[in-house]
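The residues making up each chain are set out below.
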Amino acid sequence: MDYKKTSAPDNTITRDMIKLGDATGNIYETVRIIGKRANEIAVDIKQDLSKKLQEFSSSVDSLEEIFENREQIEISRYFERLPKPTLIALQEFLDNEIYYRNPAKEKEKMEEI
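Now for a look at the structure at hand.

Thresholds applied
- Residues numbered from 1 in each chain as written.
- Predicted model: local features only at pLDDT ≥ 70, side-chain atom pairs only at ≥ 80, totals over all residues.
- Heavy atoms only, no water.
- Salt bridge = Lys/Arg side-chain N within 4 Å of Asp/Glu carboxyl O.
- Helix = DSSP H or I, 4+ residues; strand = E, 2+ residues; numbered from the N terminus.
- Buried < 20%, exposed > 50% of the residue type's maximum accessible area, 1.4 Å probe, protein only.
- Phe/Tyr/Trp six-rings, centres within 6.5 Å; stacked < 30°, edge-to-face > 60°.
- Axes fitted to C-alpha atoms, helices over the stretch in contact; angles between N-to-C directions.
- Parallel < 35°, antiparallel > 145°, perpendicular 65-115°, else oblique.
- Left-handed = near helix turned anticlockwise from the far one by under 90°.
- Contact = heavy atoms within 4.5 Å.

## A short note on the pattern of salt bridges
Two side chains that carry opposite charge are able to pair once their charged atoms sit near each other.
Here comes step 1: Under the counting rule described, the total for this entry stands at three salt bridges.
Here comes step 2: Measuring nitrogen to oxygen at the nearest pair gives 3.1 Å for the salt bridge that ties E40 to R37. With E40 and R37 both in helix α2 (residues 27-54) and three residues apart, this pair spans about one turn of that helix.
Here comes step 3: A relative accessible area of 46% places E40 in the partly exposed class.
Here comes step 4: Overall, R37 belongs to the buried group, its relative accessible area being 15%.
Here comes step 5: Residues E92 and R37 are paired through a salt bridge, measuring 2.6 Å at the closest nitrogen-oxygen approach. A residue pair is termed long-range when its members are at least 10 positions apart, and E92 in helix α5 (residues 85-94) and R37 in helix α2 qualify at 55 residues. Accessibility assignment for this pair places E92 and R37 in one class, buried.
Here comes step 6: Where salt bridges share partners, they join R37, E40 and E92 into one cluster.

So, in structure tokens, the structure goes:
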């Protein structure tokens, strides 16, 4: 999912943890899945921001250049206004857009058969 087009809220919303755990059967597994996806999203956002700010880097830093570079400030503000990676990952989980599997559970099912 593209983090720029997400429908995740900008602020924190209280969630019913029991309902979140229903998808996997274990709330801790659900939190682990969301946490791993949030880390992936955070890395993507950081790489994208670094790439965009790299265009404005210069070998000589002067105070005049720092105050005059409005485009760089606008890019930084845009990324600051994005929802946090955890909120994006949680929304993806609720929308069933995250693929996950547990090899240990799959092995147990195979042994039962």
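## Observations concerning the packing of aromatic side chains
Each aromatic ring pair is specified by the distance between its two centres and by the angle formed by the two planes.
Here comes step 1: Taken as a whole, this structure holds two aromatic pairs when the rule is applied.
Here comes step 2: Aromatic side chains Y78 and F79 sit 5.4 Å apart centroid to centroid with 85° between the ring planes, which places their arrangement in the edge-to-face category.

## Let's talk about the packing of α2 against α5
Here comes step 1: Put simply, α2 and α5 touch, their axes get as near as 8 Å, and they point 125° apart. The angle between α2 and α5 falls in the class oblique. Where α2 crosses over α5, the two elements pack in a sense that is right-handed. Residues T30, I33, I34, R37, A38, I41, A42 and I45 of α2 form the contact with α5, whose own contacting residues are P85, T86, I88, A89, L90, E92 and F93.

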